[in-house]
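One-letter residues, chain by chain:
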Amino acid sequence: MGVGVRLFKTTAAIRCYLEKNRHGKFVGLVPTMGALHPGHLSLIQRARQENDIVIVSIFVNPLQFGPTEDFQKYPRQLEQDGQMCQQADVDAIFAPTPEEMGTGQNIAASSPEQTITQVVPPATMTSVLCGLSRPGHFQGVATIVIKLLNLVQPERAYFGQKDAQQLAIIQRMAADLKIPGSIIGCPIVREASGLAYSSRNQYLTDEQKQQAQVLYRSLQQAEKVFRSLICDRASLVGAVKTELAKVPDVQLEYVELVHPNTLTPLDDVDEVGLIALAARLGNTRLIDNVLLRHRKPIIAIDGPAGAGKSTVARLVAKALGLLYLDTGAMYRAVTWLVLQSGISVEDEPAIAELVSQCLLRFGEDSSKIWINEHDVTQAIRTLEVTAKVSVIAAQPVVRRELLRLQQSLGKKGGVVVEGRDIGTHVFPDAELKIFLTASVHERAERRQQDLKNQGLKEISLEQLEQTIIDRDAFDSTRALAPLRQAVDAHTIQTDSLSIAEVTDRIVSLYNQKL
Ligand code: PAF
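Cut-offs used in this document
- Residues numbered from 1 in each chain as written.
- Predicted model: local features only at pLDDT ≥ 70, side-chain atom pairs only at ≥ 80, totals over all residues.
- Heavy atoms only, no water.
- Pairing = 2+ DSSP bridges.
- Helix = DSSP H or I, 4+ residues; strand = E, 2+ residues; numbered from the N terminus.
- Contact = heavy atoms within 4.5 Å.
- Axes fitted to C-alpha atoms, helices over the stretch in contact; angles between N-to-C directions.
- Parallel < 35°, antiparallel > 145°, perpendicular 65-115°, else oblique.
- Buried < 20%, exposed > 50% of the residue type's maximum accessible area, 1.4 Å probe, protein only.
- Arc of directions from axis to C-beta.
- Near = heavy atom within 4 Å.
- Polar contact = N/O pair within 3.5 Å; in protein donor to acceptor, adjacent residues only side chain to side chain.
- Areas by Shrake-Rupley, 256 points an atom, 1.4 Å probe, with all protein chains shown as cover.
- Nonpolar A, V, L, I, M, F, W, Y, C, P; charged D, E, K, R; others polar.

(A) Structural context of the sheet that holds strand β12 (residues 360–362). Spatial strand order, β12-β13-β14: three strands in an open sheet with antiparallel pairing. Each of the sheet's edge strands pairs with one partner strand only, and the pair in question is β12 and β14 (374–375). Pairing of β12 with strand β13 (residues 369–371), which is carried by three bridges, proceeds in the antiparallel orientation. Looking at the pairing, Phe362 lines up with Ile369 of β13. Contacting β12, β13 and β14, helix α13 (residues 327–341) runs over the sheet at an angle of about 35° to β13.

Listed below in structure tokens is the structure:
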């Protein structure tokens, strides 16, 4: 392993490393069992984008393997994994022994479930899908994940959507046990053939790898049926089975339609559904899934200050008949509420209580905003609100609550949202992500023109350029909601484009997505 990434094998060492380095920095954790592949890499890259310190844990967890499963055979390749982490700019790998993690060497030999405290997720979530053939598996996963979260105490922990049942159970556990920090689900990464990356793909022969491509093909058939607005379980599951039957060596264990969060079986996809399957090829067990969603797409527009995001977002929303989720107006509405209630703007616990209970909504065409049923469209533009909005918006509790509100307003889709971390943090699953940018010189010229139009005092271009450079540096490094470009964002460089051209480009990208 090269220099750069640190390797720790004991809990004492990882604790000490974090104590020495944390100092208010954001820590991202990527829990893995090693044998890292591009799917893991996408989690690591996301963690790298969003955090100051990135820890990858590598631990083949005996608790989650049944007595006849592949615990002994599971690929262990620490040297190779270390190199991958090094290249991906990981700060530290935590690779403990089973003894160090207090799990025992082997689930069959030491019966650790009898001797250690374990986390028992709700039976409704563990007795379906993979839980049917892997009793105890999710209890083992939940137990080790809690241990890792307690040890590292990350601000964010990243899990792949390929293990959709695992992700749903961990999200539920984190919510039920009030685990601080966010559990972030990341999209499935596939080989060009459509086969989802998995450490267990190593077990497949070349022929089996070819045959395994039918898994995703079968899920795509279900997607096709869904797009034709047929949403019942029998048709969707039937489409998967028909396609799978074309490759008889693939033995289907299950294919089910469930709700992706609760995992309860669905008869129809009302808003969202998950089609998940498990199948065997020889001795290798593979899983895959797709999300089916009725919602209209979400458009996330991020970019530096002065790139024209809010003007463009408004125009795109208008052109496509979507809601412009004006996050700036949301912060102003909360500020109005705080001022109105007479609470001091410094009293964060009282503000937390107020904001966590408030009701916020926009009018149909986004031009009006209500908070607790007061129409505050005009009131949020007063000088009093303008003077206090940045103090309120800088409070982590306000940002957390507004993030929750934004996500719940956007849940059904059909929104355009702009900001600095919309595509990476607020709506990481947005269907269309745009990174709108312009050179410093161009933004300075635009600002100079704005000042002129408003009849304000002229400021030299050099001075404006310096202000923009300073603002960019501040926005990219600030602890709260720093400017981040999503890996899957389309960059639009607007220097030589008019506002109408930028809008058209986004509208046509949106139409291609549909
Ligand atoms: O997904 C995995 O690799 C494992 O189940 C996890 C989350 C690292 C727990 O051992």
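So that's the structure; there's more coming.
(B) Structural view of the packing of helix α14 (residues 348–356) against helix α16 (residues 396–410). For the pair α14 and α16, interaxial distance at closest approach is 9 Å and the crossing angle is 10°. Here α14 lies roughly parallel to α16, going by the angle between them. Facing α14, whose interface residues are Glu348, Ile351, Ala352, Val355 and Ser356, α16 presents Pro396, Val397, Val398, Glu401 and Arg404.

(C) How the structure looks around α14. Those residues of α14 not exposed but buried are Ile351, Ala352 and Val355. Projected down its long axis, α14 carries its buried residues within an arc of 105°, all on one side. For α14, exposure combined with an orientation more than 90 degrees from the buried face picks out Pro349 and Glu353. Taken together, the buried residues of α14 touch α13, α15 (383–393) and α16.

(D) Quick look at the site of the ligand. The full set of residues close to the ligand is Pro31, Thr32, Met33, Asn61, Gln64, Ile144, Phe159 and Gln166. At 2.6 Å from an oxygen atom of the ligand is found a side-chain nitrogen or oxygen belonging to Gln64. Within the side chain of Gln166, an N or O atom sits 2.7 Å from an oxygen atom of the ligand. Computed on the free molecule, the ligand has an accessible area of 280 Å², of which 90% lies beneath the protein chains in the complex. Tallied by class, the residues present in the shell around the ligand amount to four nonpolar, four polar and no charged.

(E) Structural view of unusual backbone geometry. Residues other than glycine seldom take positive phi values, yet Gln153 does so here, at roughly 50°. Examined against the element boundaries, Gln153 turns out to sit in the loop between α8 (137–152) and β5 (156–160). In the Ramachandran plot, Lys178 falls in the positive-phi region, its phi being about 50° despite a non-glycine side chain. Tracing the backbone through its elements, the reader meets Lys178 in the loop between α9 (164–176) and β6 (182–186).

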